[in-house]
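# Structural features, examined
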Number of protein chains: 2
Amino acid sequence: MNTAVILTKEEFLQHWLGHRVLTRRTIEKFPEKDLFEFSIGGMRSFAQLVMELISIAEPGLRGIVERSEEGYVHDLGLSTKEALLSRWDADTPKIIELYNRIPEEDFHKEHNLFGEYKFPIYSNLLYFVDNEIHHRAQGFVYLRALGIEPPFFWDR
Amino acid sequence: MNTAVILTKEEFLQHWLGHRVLTRRTIEKFPEKDLFEFSIGGMRSFAQLVMELISIAEPGLRGIVERSEEGYVHDLGLSTKEALLSRWDADTPKIIELYNRIPEEDFHKEHNLFGEYKFPIYSNLLYFVDNEIHHRAQGFVYLRALGIEPPFFWDR
């Protein structure tokens, strides 16, 4: 295995935090009612998608740090935009603190995320970000369908 | 700078190639006509979004390898699903070959991507994948709106 560093642990964290800023801006763009009720093609509302992201990020990291295989709970019962944003903001420092507790030597160790997804930790972490980009992009389409300009993709 | 490896160069390539498999499956799911004509909220068709991805991946990598700042051309004039898929498949080995030519020591050097986006090469590469996930997810919403089940997110 070649061991030159293409991406440092801190760079990956900053990459993720940048995406979290953009996702927060996306939540903010939704009118309260549409955040919870609007959907396309039978998909979940953007609030439900965001609750999935919330139920993965901090709990998933906590599982990695504590080597816990506890399952996830996507239905968080957050029922206002303010509650979603507050939870988003409260989780960010926890995410930073937990992430910083993962030793770099552990990134290639396997972790059975939520008791279901057994992959190396680096792969778990890439999934957190991929899944956030994926669902946020769906929120972008909802916003366009509602006639609302989404945030700028580079605005992180 | 701490120098432990959290993600190897080869792991990042495999991560990207996995996403390319999923994006290809997403293109395949579209009926020919809808691929080029369907859109939501004034957005581009999925074919146009895919042409953007095609115009970024191989040309962007070539720019990195050759340190060229030539701009991108998104309008590739591919007008059938077969032409899009053929181009997608033709690009994959080129992407692998070009990527493998980037020395690991260069990932933290700056490159002015397409003459417009001056960032470290690792950041250019993360953007290629992020942007692919982002636009593919919009294709997932189009498919749902068309009553078509998108591919499974894990199917790479």
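Okay, so let's go over this structure. Remember, it's a predicted structure, so these values are computed and weren't measured experimentally.

Another aspect to go through is the interface of chain A and chain B. Residue-level contacts link 39 residues of chain A with 39 residues of chain B. Both sides together, the interface formed by chain A and chain B hides about 3800 Å², and carbon and sulfur atoms give 73% of it. In terms of surface lost to chain B, no three residues of chain A exceed Ile6, Glu104 and Trp154 of chain A, which account for 19% of the buried area on that side. Here chain A and chain B share zero salt bridges between them.

Now for the relation of the copies chain A and chain B. The relation between the two chain copies is a rotation about an axis coupled with a shift along that axis. Structural alignment of chain A on chain B gives an RMSD of 0.0 Å, achieved by rotating through 180 degrees and translating 0.0 Å along the axis. The superposition operator between the copies reduces to a two-fold rotation axis. When the interface residues of chain A are mapped onto chain B, 100% of them again fall at the interface, so both copies present the same face.

Moving on, we get to the pattern of salt bridges. According to the stated counting rule, one finds 20 salt bridges over all chains in the structure shown. Notably, a salt bridge pairs Arg44 of chain B with Glu52 of chain B, separated by 2.7 Å at the nearest N-O pair. Across the pair Asp91 of chain B and Arg87 of chain B runs a salt bridge, and its minimum N-O distance is 3.5 Å. One end of the pair, Asp91 of chain B, and the other, Arg87 of chain B, are both in helix α4 (residues 81–100), four residues apart, so they sit about a helical turn from each other. Overall, the relative accessible area of 28% leaves Arg87 of chain B in the partly exposed class. Overlapping salt bridges, with partners in common, bring together Arg24, Glu28 and Asp89 of chain A in one network.

Considering all chains together, one arrives at 14 aromatic pairs over all chains under this definition. On the basis of an interplanar angle of 15 degrees and a centroid distance of 4.9 Å, the ring pair of Phe30 of chain A and Phe46 of chain A is categorised as stacked. Linking Phe30 of chain A in the loop between α1 (9–29) and α2 (32–37) with Phe46 of chain A in helix α3 (residues 46–66), this pair joins segments that are 16 residues apart in sequence. In this structure Phe30 of chain A comes out as buried when scored by relative accessible area, which is 1%. For Phe46 of chain A, a relative accessible area of 0% corresponds to the buried category. Relative to Phe114 of chain B, the ring of Tyr72 of chain B lies with its centre 5.2 Å away and its plane at 90 degrees, an arrangement referred to as edge-to-face. One end of the pair, Tyr72 of chain B, is in the loop between α3 (46–66) and α4; the other, Phe114 of chain B, is in the loop between β1 (110–113) and β2 (117–120), with 42 residues separating them in the sequence. Put simply, the rings of Phe12, Tyr99 and Phe107 of chain A pair up and form one aromatic cluster.

Quick notes on the rules
Residues numbered from 1 in each chain as written. Chains lettered and ligands numbered in written order. Predicted model: local features only at pLDDT ≥ 70, side-chain atom pairs only at ≥ 80, totals over all residues. Heavy atoms only, no water. Contact = heavy atoms within 4.5 Å. Buried area = accessible area lost by both parts, 1.4 Å probe. Salt bridge = Lys/Arg side-chain N within 4 Å of Asp/Glu carboxyl O. Least-squares fit on C-alpha atoms with pLDDT ≥ 70 in both. Helix = DSSP H or I, 4+ residues; strand = E, 2+ residues; numbered from the N terminus. Buried < 20%, exposed > 50% of the residue type's maximum accessible area, 1.4 Å probe, protein only. Phe/Tyr/Trp six-rings, centres within 6.5 Å; stacked < 30°, edge-to-face > 60°.

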